[in-house]
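# Summary of the model geometry
The primary structure of each chain is shown beneath.
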Amino acid sequence: MASRNPVQTIEVLRFGDQSRDSSDLLAVEEPLEIRLEFGPATDRQQRNIAVTMRTPGHDLELAAGFLFGEGILRSASDIQKIDWCSNVRKPEEYGNVVKVELVPDIVPELSKLDRNFYMSSSCGVCGKASLEAIHIAGCPIIPADGRRFSADFIRSLPAIADQVQTVFKHTGGIHAASIFDAEGSLRVIREDIGRHNAVDKAIGAIFLSGNMALHDHVLLVSGRAGFELVQKAVFAGLSMMVAIGAPSSLAVDLARQHGLTLVGFLRGQRFNVYAGESRILGE
């Protein structure tokens, strides 16, 4: 299926020194439904897993990253096929439904999906049935003996990401998630109107490549560090998460429990370290 345009042009009336008709570029927001097919070849079952409001683009990665973060997928080899659904009932569903088919011997633990089947692009924890259900079983403890990072390394990340954050340059209204290796090279950057979706897309891209060795890697997010974003970083085994905005108290608790270095309020030369300060070299 051809890539959907993540940006839409609309007519606006601008006010300044004088009013005038003009055009503006907006980030597109549309629903994406994620369906899961599983079971033996003779008795396949299908379940609608979630609907999220997202910016079209990298939808297969979004679906894979979401299912990995929920503990449904463990490796790319669990997937028999992942693609957009062509047999949809309504025209507006075309290009907005992704089906993930598991290999026959995989039995998904659907009890982990203890949430309502609707997530807004910014909701995060909302939809979970209980606070206890938020904590993903088997979330790893990140080893503390890996790479250490300099303050200058951390400060350099936003400028690298900004150079390739194309949709933001056009619209000014979208989130980005970037994953860097230990040398500061950008492995992947994904943009979405939902900050959780952007992280799922970035992690999903690496997940589908079959190489999830993300120790000594860093996740940079363009907004704040909420609990679910930290949870996704921990589950992926990343060493550090850096946020331009503020973390929440629950996000800091989770980072400290699982050995993630959590940096917030990265602005120019300044930033705060909320967890895992041993990975950051002194100046």
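Residues numbered from 1 in each chain as written. Predicted model: local features only at pLDDT ≥ 70, side-chain atom pairs only at ≥ 80, totals over all residues. Heavy atoms only, no water.

Across its full length, the protein chain holds 6 helices and 12 strands. Residues classed as buried in the protein chain amount to 52% of the 283 residues present. For the protein chain, long-range pairs separated by at least 24 residues make up 54% of all intrachain contacts whose partners lie at least 6 apart in sequence. Carbon together with sulfur atoms contributes 49% to the accessible area of the protein chain, which is approximately 13,400 Å² in total. (Helix = DSSP H or I, 4+ residues; strand = E, 2+ residues; numbered from the N terminus. Buried < 20%, exposed > 50% of the residue type's maximum accessible area, 1.4 Å probe, protein only. Contact = heavy atoms within 4.5 Å. Areas by Shrake-Rupley, 256 points an atom, 1.4 Å probe, with all protein chains shown as cover.)

On the secondary structure map, Thr52 appears in strand β4 (residues 45-54). Here Asn197 takes part through its side chain, which lies 3.1 Å from a polar atom of the side chain of Thr52. (Polar contact = N/O pair within 3.5 Å; in protein donor to acceptor, adjacent residues only side chain to side chain.)

The residue His58 is not glycine, and still its phi comes out positive at about 55°. Backbone geometry at Asp216 places phi at a positive 65°, although glycine is not the residue there. Tracing the backbone shows Asp216 in the loop between α4 (195-209) and β9 (218-221).

Leu36, Leu67, Val100, Leu219, Val230 and Met241 are the most contacted members of the largest nonpolar core, which has 54 residues in total. The next biggest cluster of nonpolar side chains, apart from the first, holds 17 residues, and it includes Leu157, Phe180, Leu266 and Ile280. (Core = buried A, V, L, I, M, F, W, Y, C linked by side-chain atoms within 4.5 Å.)

With that out of the way, let us pick up helix α1 (residues 59-69). Counting buried positions over the 11 residues of α1 gives 11, a clear majority of the element. The complete set of buried residues in α1 reads Asp59, Leu60, Glu61, Leu62, Ala63, Ala64, Gly65, Phe66, Leu67, Phe68 and Gly69.

Moving on to the sheet that holds strand β11 (residues 261-267). An order of β8-β7-β9-β10-β11-β12 is seen for the 6 strands of this open sheet, with the pairing classed as mixed. The open sheet terminates on both sides in strands that have one partner only, identified here as β8 (186-192) and β12 (270-275). Going from strand to strand, the sheet's axes swing by 20° on average, the running direction of each strand aside. Relative to β11, strand β10 (residues 240-243) runs parallel, the two being bridged by 3 bridges. (Pairing = 2+ DSSP bridges. Axes fitted to C-alpha atoms, helices over the stretch in contact; angles between N-to-C directions.)

Let's shift gears to the pairing of β11. In terms of burial, β11 is a largely internal element, 5 of the 7 residues being buried. Here β11 runs beside β12; their pairing, made up of 4 bridges, is antiparallel. By the bridge assignment, Arg267 is partnered in β12 with Arg270. What sits between β11 and β12 in their antiparallel hairpin is a turn of 2 residues, with Gly268 showing a positive phi close to 65°.

Now for the pattern of salt bridges. According to the stated counting rule, one finds 12 salt bridges in the structure shown. Between Glu37 and Lys99 there is a salt bridge whose closest N-O contact spans 3.3 Å. Taken together, the positions of Glu37 in strand β3 (residues 30-38) and Lys99 in strand β6 (residues 97-102) put the pair 62 residues apart, joining distant regions of the chain. Its relative accessible area of 13% is what places Glu37 among the buried residues. For Lys99, a relative accessible area of 17% translates into the label buried. What emerges from the salt-bridge pattern is a single network uniting Glu37, Arg44, Lys99 and Glu101. (Salt bridge = Lys/Arg side-chain N within 4 Å of Asp/Glu carboxyl O.)

With that settled, consider the packing of helix α5 (residues 227-236) against helix α6 (residues 249-258). Look at α5 against α6: their axes get within 8 Å of each other, and the N-to-C directions meet at 20°. It follows from the interaxial angle that α5 and α6 lie roughly parallel. Between α5 and α6 lies a crossing of right-handed hand. Residues Phe227, Val230, Gln231 and Val234 of α5 lie in contact with α6, whose contacting residues are Leu250, Ala251, Leu254, Ala255 and His258. Taken together, the residues of the contact of α5 with α6 break down into 7 nonpolar, 2 polar and no charged. (Parallel < 35°, antiparallel > 145°, perpendicular 65-115°, else oblique. Left-handed = near helix turned anticlockwise from the far one by under 90°. Nonpolar A, V, L, I, M, F, W, Y, C, P; charged D, E, K, R; others polar.)

Turning to the environment of Met241, a few remarks are in order. With respect to the secondary-structure elements, Met241 resides in strand β10. A C-alpha to C-alpha distance of 6.3 Å links Met241 and Thr261, two positions 20 residues apart in sequence. In this structure, Met241 is in contact with Leu219, Val221, Ala225, Leu229, Val230, Ala233, Leu260, Thr261, Leu262 and Val263, ignoring residues within four places of it in sequence.

This brings us to the packing of α1 against α4. Interhelical geometry of α1 versus α4 gives an angle of 90° and a closest axis separation of 6 Å. Taken as axis vectors, α1 and α4 run roughly perpendicular relative to one another. Of the residues in α4, those in contact with Leu60, Glu61, Leu62, Ala64, Gly65, Phe66 and Phe68 of α1 are Asn197, Asp200, Lys201, Ile203, Gly204, Ala205, Phe207 and Leu208. The residue makeup of the contact of α1 with α4, split by class, is 9 nonpolar, 3 polar and 3 charged.

Shape descriptors only; they carry no functional weight alone.
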